[in-house]
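A structural walkthrough
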Amino acid sequence: MTTLRVELPERSYAIHIEHNVLDAAGSLVAGVVPAGRAMVVIDQNVAETHAQRVMKSLHSSGFDAASIQLEATESNKSLDAARAIYAAMLDANVERGSPLIAIGGGIVGDLAGYVAATFMRGVPLIHVPTTLLAMVDASIGGKTGVNFQTDNGRLIKNLIGAFWQPRLVLIDPETLTTLNDRDFRSGLAECVKHAMIADGDLFEFLEQHSDSIMARQSTSLQTLIERSAALKISIVQHDERELGQRALLNLGHTFAHAIESFNDLDIRHGEAVSIGLCAAAQCSVARGLMTFNDYARVVELLRTLGLPTRLAVAKPVNALMDAMRHDKKIISGTLRLILPTCLGAARIFNDVPAEVIERAWRSVAATDN
Ligand SMILES: NC(=O)c1ccc[n+]([C@@H]2O[C@H](COP(=O)([O-])OP(=O)(O)OC[C@H]3O[C@@H](n4cnc5c(N)ncnc54)[C@H](O)[C@@H]3O)[C@@H](O)[C@H]2O)c1
């Protein structure tokens, strides 16, 4: 079994990555919290498959585990859904030391994490991520939260949240075999992002093993998850609360959030990130930070992994620029962008000229009107 450790000032935790680790969930959870009552929050799409294995293992290790199932939608990542979990925890007589175990993708992980952070001022959280994105990103680093619906119907993503580190993360790459292609590829976009930020070797690994990764071949997935998760760990360990270098993880995201703000585009977050990575790399070329050849490799890799590199429906540059300015990562009016400086390094820039960003938008098929 591969075990990575997240070392933080207050507490460190293990991330176990192994095929069939879910069948050992009970004993591994019992290694970090005493066996007793537990609440399991389950993404309904994995309830009959992966979650069954976890529940069985918990029961055989002496846990009295109650569960609640949820449909993983952004509108369900809400205070109402949190309330339903609090109520289920009360019904199950969960105590302060009882673990809350989240089984599913980033939606269930963020929501259950927020409940764990707030119920009785905090109960132990265990993540069992079942999407690639949740394995290499959402389950690591302690960001939890829910979306908020305003009175006029606007859904503000991740507005309400808390930092709450898990006690344990269990990753079984086997669970990815049931994930649909679009969600799998969305996770791959985050892996490419990690490689671009800090690991040129991981970028080459992705280039060289794209076929076996797309075929979800187990050894390739194991290596991809280990290396991509290790990268996220190294960043969050040095900047637990996103006061500095953790912002690098937003590479491509300011572009992606602008794309996602158009409700008529049927686009997954990872797909928007993929286009955002191309736009960010284009800015780097324009500023002389990156060679055109490296930019072309980024576009080619994303294409090979089945990800979009241009907008399917053209949008006006002005509207995209406005959406970018509304993104919360703007600090006192200047556009703060993370840009790659080569394949495997990125930096935060506070002074990217608007014309450079506009040209980058045009390179991913935005139009002038
Ligand atoms: N906390 C963080 O640091 C962080 C980081 C990145 C993203 N996020 C959040 O993560 C969320 C997106 O997460 P996601 O991409 O995992 O999406 P998701 O949770 O919506 O899961 C995608 C879909 O796959 C289904 N699913 C999950 N596992 C499956 C499996 N093994 N087999 C079949 N179907 C499965 C889900 O039911 C859902 O329909 C967003 O809300 C985002 O804000 C959080």
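The rules behind each value
- Residues numbered from 1 in each chain as written.
- Predicted model: local features only at pLDDT ≥ 70, side-chain atom pairs only at ≥ 80, totals over all residues.
- Heavy atoms only, no water.
- Helix = DSSP H or I, 4+ residues; strand = E, 2+ residues; numbered from the N terminus.
- Buried < 20%, exposed > 50% of the residue type's maximum accessible area, 1.4 Å probe, protein only.
- Contact = heavy atoms within 4.5 Å.
- Areas by Shrake-Rupley, 256 points an atom, 1.4 Å probe, with all protein chains shown as cover.
- Lys, Arg positive; Asp, Glu negative; His and termini not counted.
- Charge placed at Lys NZ, Arg CZ, Asp CG, Glu CD.
- Salt bridge = Lys/Arg side-chain N within 4 Å of Asp/Glu carboxyl O.
- Pairing = 2+ DSSP bridges.
- Axes fitted to C-alpha atoms, helices over the stretch in contact; angles between N-to-C directions.
- Near = heavy atom within 4 Å.
- Polar contact = N/O pair within 3.5 Å; in protein donor to acceptor, adjacent residues only side chain to side chain.
- Nonpolar A, V, L, I, M, F, W, Y, C, P; charged D, E, K, R; others polar.
- Left-handed = near helix turned anticlockwise from the far one by under 90°.
- Phe/Tyr/Trp six-rings, centres within 6.5 Å; stacked < 30°, edge-to-face > 60°.

**Observations concerning the overall build of the protein**
When helices and strands are counted, the protein shows 14 helices and eleven strands. Out of the 369 residues belonging to the protein, those deemed buried represent 54%. Considering only contacts in the protein between residues 6 or more positions apart, those separated by 24 or more positions represent 76%. When the accessible area of the protein is evaluated, it comes to approximately 15,300 Å², of which 47% is carbon and sulfur surface. Both charge centroids of the protein, one from 34 positive and one from 41 negative side chains, sit 4 Å from each other.

**Re the pattern of salt bridges**
Per the stated rule, a full pass over the model turns up 21 salt bridges. Taking the shortest distance from any N to any O, the salt bridge between K232 and D137 comes out at 2.7 Å. Note that K232 is positioned in helix 9 (residues 218-238) and D137 in helix 5 (residues 132-138), a separation of 95 residues in sequence. Side by side, K232 and D137 carry an identical accessibility label, which is buried. We note a salt bridge from R182 to E271, for which the minimum N-O separation is 2.8 Å. Of this pair, R182 sits in helix 6 (residues 181-198) while E271 sits in helix 11 (residues 269-286); the two residues are 89 residues apart in sequence, bridging distant segments of the chain.

**Quick notes on the sheet that holds strand 9 (residues 168-171)**
Within the open sheet, the seven strands sit side by side as 1-2-9-6-5-3-4. Their pairing is mixed. At either margin of the open sheet sits one strand with a lone partner, and together these are strand 1 (2-6) and strand 4 (64-70). On average, adjacent strands in this sheet sit at an angle of 15 degrees to one another, irrespective of strand direction. When strand 3 (residues 37-43) meets strand 4, the two strands line up parallel, connected through seven bridges.

**A look at the site of the ligand**
Not every one of the 24 residues close to the ligand is listed here, only the nearest: D43, E74, T130, T131 and T178. Side-chain polar atom of D43 to an oxygen atom of the ligand: 2.7 Å apart, as the coordinates give it. At 2.8 Å from an oxygen atom of the ligand is found a side-chain nitrogen or oxygen belonging to K77. Listing elements by their share of the shell around the ligand, those giving two or more residues are helix 4 (106-118), helix 5 and strand 8 (155-163). Looking at the shell around the ligand residue by residue, the classes come out as six nonpolar, nine polar and nine charged.

**Digging into the environment of D110**
Tracing the chain through its elements places D110 in helix 4. For D110, a relative accessible area of 14% translates into the label buried. Each residue touching D110, except ones within four places of it in the same chain, is listed here: K77, A138, K143, T144, G145 and N158. Of the polar contacts made by the side chain of D110, one reaches the side chain of K77; its length is 2.9 Å.

**Focus: the packing of helix 6 against helix 11**
Axis separation between helix 6 and helix 11 bottoms out at 7 Å; the angle between their running directions is 35 degrees. Of the two possible hands of crossing, helix 6 and helix 11 adopt the one that is left-handed. Contacts from R182, S186, A189, E190, V192, K193 and M196 in helix 6 reach H269, G270, E271, V273, S274 and L277 in helix 11. Looking at the contact of helix 6 with helix 11, its residues break down into five nonpolar, four polar and four charged.

**Things to note about the packing of aromatic side chains**
Enumeration over the complete set of coordinates arrives at three aromatic pairs. Taken together, a centroid distance of 6.1 Å and an interplanar angle of 20 degrees make the contact between Y86 and F119 stacked. Taken as a pair, Y86 in helix 3 (residues 79-91) and F119 in the loop between helix 4 and strand 6 (125-129) lie far apart in primary sequence, 33 residues in all. By relative accessible area, Y86 is classed as partly exposed at 23%. Assessed through its relative accessible area of 7%, F119 is described here as buried. Considering the side-chain rings of F292 and Y295, the 5.5 Å spacing of their centres and the 55 degrees angle between planes classify their relative orientation as tilted. Of the two residues, F292 and Y295 are both situated in helix 12 (residues 292-304); the distance of three residues between them amounts to about one turn of the helix. For F292, a relative accessible area of 57% puts it in the exposed group.

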